[in-house]
Each structure stands twice: as C-alpha cells, then as structure tokens.
Number of protein chains: 2
Amino acid sequence: MSDCGGGRYDSLLLSNQMCFPLYAASREILRRYKPILDELGLTYTQYITMLVLWERGTVSVREIGSTLYLDSGTLTPVLKKLEQKGLIVRRRDESDERLLDISPTDEGMALREKALEVPGKICGCVDLTKEEAETLCKILSKIFGER
Amino acid sequence: MSDCGGGRYDSLLLSNQMCFPLYAASREILRRYKPILDELGLTYTQYITMLVLWERGTVSVREIGSTLYLDSGTLTPVLKKLEQKGLIVRRRDESDERLLDISPTDEGMALREKALEVPGKICGCVDLTKEEAETLCKILSKIFGER
DNA sequence: CAAAATTAAATTGCACACAATTGAATTTTA
DNA sequence: TAAAATTCAATTGTGTGCAATTTAATTTTG
C-alpha cells in the first residue's frame, strides 16, 4: 500500500499531480479574499464581474464571459444578483436583441471607491514577493497557451 | 471610464489581481483533466480522493479532509458516490465511533492500474517545462504559509 | 428572399465548496 | 466522576462552474 522511494505508482502521488497544488492554492486565495470582499458585500465572482464593469463600462454578457472564462450558465444568476443589489442594470442591446448589455449603476460605480482598499489588504495576507507574484502570473499565463 | 496609463484605479484592473489568473488557470487545468478522468469514470474531486486512498489505504474522513483541504460538507457526498460506484467502503472506526474509516475495495485498487495513464496524458496537454512546473509548485506552496 | 446555420442568453441538472448547525461520541476538567 | 468542552461526520442552505438543451434573434447561403 505504501510507495516509499521509486515505486511503481509514484506518478500517482498527490504531491506529483499538476492539478492539486494549483486547485488548492486557488481555493486558499479565495478563502483569504473572502473576509475582505465581505466588507464590500460581494462574493468573489461578483467582485471580478464588477472589476470588468468598472474597467469597461457597459459590456455584453458575452464579453464578460469571454473575459472571465465563464459561460451564461454561471453569469446569468450572478448578474441577476448584482441587479438585485442595485449595482448593475441589465438591458437588451437595441441594435442586436440577442445581446444583453450590462451597465454599472451610480451605486455600482460608487462601490469602486471602497474597492480601492482591496488590493492592499490582499497583499497583506498573501506572503509572496512582487517577483514571485510576477513569475507566478507568467507561468500561469502559459497554461492558457494552446486553446 | 477608461484607465489608460497610471490611473487612479490601476490596482483594480483585472490584470493586476492576484486571484484571477490563479483561479482561471486552476479551472483551465480542471477542464483539461476532465476528458482524461472521464475515461476512469471519475470527477476531479473523486480522483484526488482516490489518490489519497491509493497512497494510504484506510483513512478517516477527517484525514482525507486535512490532506485535501476539504471539509465533511464536501466530502460526505463525494464518498457516498464513490461507495455507490463500488470503489470504496465506509465503516465506523471501532475504537472511536466518531471516525468514519474509508477503505478502497478491490475494484477501487484495480482502478489504480488504469489511472497510471493519467499523469502522462496530462503532461501532453499542459504546455509547461519540468522546470516551470517545479517553480510553479514552489511558489504555490508559499501561499499556504501563515495559516 | 426564404430556409439553414449561427449566435446569445436563459434554463436545467449535476457536482462541488463552504459556512453554519446538529447530534453523537470522546476527552478534558472542575 | 459528572458536567463542560471538544471532536467528528452529517445536514442544510447558498453560490458557483459547466455541460446540454431551449428559445429568440441574426446572419449566411442556396
């Protein structure tokens, strides 16, 4: 049952998997973001959605999806929730009724001010140097290569 | 609305967030694992659970949880599913009835042979050098530092 | 131009994650 | 040792992700 040394099953050791450290680290980061995002009243997914809207103003669901790599099955309920909170408005595009345009409300844009505190607080609870963070991002971006 | 150059809101650009590349890459890796794990009839979470059982034999739910950073709310339904598939057995520990011991069945252990193909197939669809993969794991492990 | 193909969002169903609570078993402590 | 505190798994409820399907709108094509 054990695999000390160079066992036949070494490739299946949890520590040798590509998926596990990445997935676990990703959830750990999300756990650290949570209390900070709680202060904004946003979940993680709601937060990255607002980041897109703060950057670009009015965008279609499709554009949000291709930016965040999320499909309408995920985004539709998230956007309905943000609408409930009064942070965004959902309106059909006039020139193409298939598209649903999402715009931040004044209240949604106001939240951006409060959100300015977030990045600083994150750095305080993730112990990576700026160089490590850059290396990490560089390697991670390579994963998206051959899509 | 736009933030060209050194805007006041640069820290909120999606590209400057710690969480996003990590989370997106993690989901991308899971997407690449999926067709490979489909051949085993396992989901990702079921797969990493089986990895623990293949390595250690009989373990408690608690031990699986602390290894994978998952709680009973997540594990209970996963383990019931694996039991349904005939891959594991769930039995209360005799010396401490609070603990639920999980053991792979013969069928569960047999699946390990088929699983040996997985790591090779993963390398074929994630375009990182061995060195990059090691650097990645090293940086990711730092994230778990001050828990 | 009309039928066929494509596109976008919504819906449905399944599988996690995780916080919070519950209930049973065990350990600690007064 | 009996009450209090702790531990463990299960349960409940919310919020994603994502595949597959549906419906409506638009574009392509014969």
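Note that the structure is a prediction, hence the values are computed from the model and not measured.

**A closer look at the protein's contact with DNA strand C**
Next, step 1: Neighbouring DNA strand C are 29 residues, the closest being Y23, R62, S72, T76 and R90 of chain A.
Next, step 2: When the atoms of DNA strand C within 4 Å of the protein are grouped by moiety, sugar and phosphate amount to 81% of the total.
Next, step 3: In the model, a phosphate oxygen of DNA strand C is placed 3.1 Å from a nitrogen or oxygen of the T45 of chain B side chain.
Next, step 4: Contact between DNA strand C and Q46 of chain B: a phosphate oxygen at 3.3 Å from a side-chain N or O atom of the residue.
Next, step 5: Those elements that place two or more of their residues in the surface near DNA strand C are α1 (19–38), α3 (61–68), α4 (72–84) and β2 (88–92) of chain A together with α2 (44–56) and α4 (72–84) of chain B.
Next, step 6: Grouping the constituent residues of the surface near DNA strand C by class yields seven nonpolar, ten polar and twelve charged.

**Looking at the nonpolar core**
Soluble, globular proteins show a tendency: their nonpolar side chains are buried together.
Next, step 1: By size, the foremost hydrophobic cluster in this structure holds 96 residues, and its most contacted members are Y47 of chain A together with Y47 of chain B.
Next, step 2: In contact with Y47 of chain B, not counting residues within four places along its chain, are L12 and Q17 of chain A together with Y33, L37, L40, L42, W54 and V118 of chain B.

**Focus on the pattern of salt bridges**
Residues and elements named next belong to chain A.
Next, step 1: Under the criterion given, the structure shown has 20 salt bridges over all chains.
Next, step 2: When the shortest N-O distance is used, the salt bridge between E83 and R90 registers 3.4 Å.
Next, step 3: Under the relative-accessibility criterion, E83 is labelled partly exposed at 32%.
Next, step 4: A single network of salt bridges, built from pairs that share partners, joins E28, R31 and R32.

**Quick notes on the packing of aromatic side chains**
Next, step 1: Enumeration over the complete set of coordinates arrives at eight aromatic pairs over all chains.
Next, step 2: Ring centres of Y23 of chain A and Y44 of chain B lie 4.9 Å apart, and the angle between their planes is 80°; on these two criteria the pair is classed as edge-to-face. In this pair, Y23 of chain A is assigned in helix α1 and Y44 of chain B in helix α2, connecting two distinct chains.
Next, step 3: Geometrically, the ring pair formed by Y33 of chain A and Y47 of chain A is tilted, given 6.4 Å between the ring centres and 45° between the ring planes.

**Some details on the relation of the copies chain A and chain B**
Superposing the two chain copies requires a rotation about an axis and a translation along that axis.
Next, step 1: Superposing chain A onto chain B requires a rotation of 180° together with a translation of 0.0 Å along the rotation axis, leaving an RMSD of 0.1 Å. As the rotation angle and translation indicate, the two copies are arranged about a two-fold axis.

So, how was this worked out
Residues numbered from 1 in each chain as written. Chains lettered and ligands numbered in written order. Predicted model: local features only at pLDDT ≥ 70, side-chain atom pairs only at ≥ 80, totals over all residues. Heavy atoms only, no water. Near = heavy atom within 4 Å. Polar contact = N/O pair within 3.5 Å; in protein donor to acceptor, adjacent residues only side chain to side chain. Helix = DSSP H or I, 4+ residues; strand = E, 2+ residues; numbered from the N terminus. Nonpolar A, V, L, I, M, F, W, Y, C, P; charged D, E, K, R; others polar. Core = buried A, V, L, I, M, F, W, Y, C linked by side-chain atoms within 4.5 Å. Buried < 20%, exposed > 50% of the residue type's maximum accessible area, 1.4 Å probe, protein only. Contact = heavy atoms within 4.5 Å. Salt bridge = Lys/Arg side-chain N within 4 Å of Asp/Glu carboxyl O. Phe/Tyr/Trp six-rings, centres within 6.5 Å; stacked < 30°, edge-to-face > 60°. Least-squares fit on C-alpha atoms with pLDDT ≥ 70 in both.

Distances and angles like these do not, on their own, reveal function.
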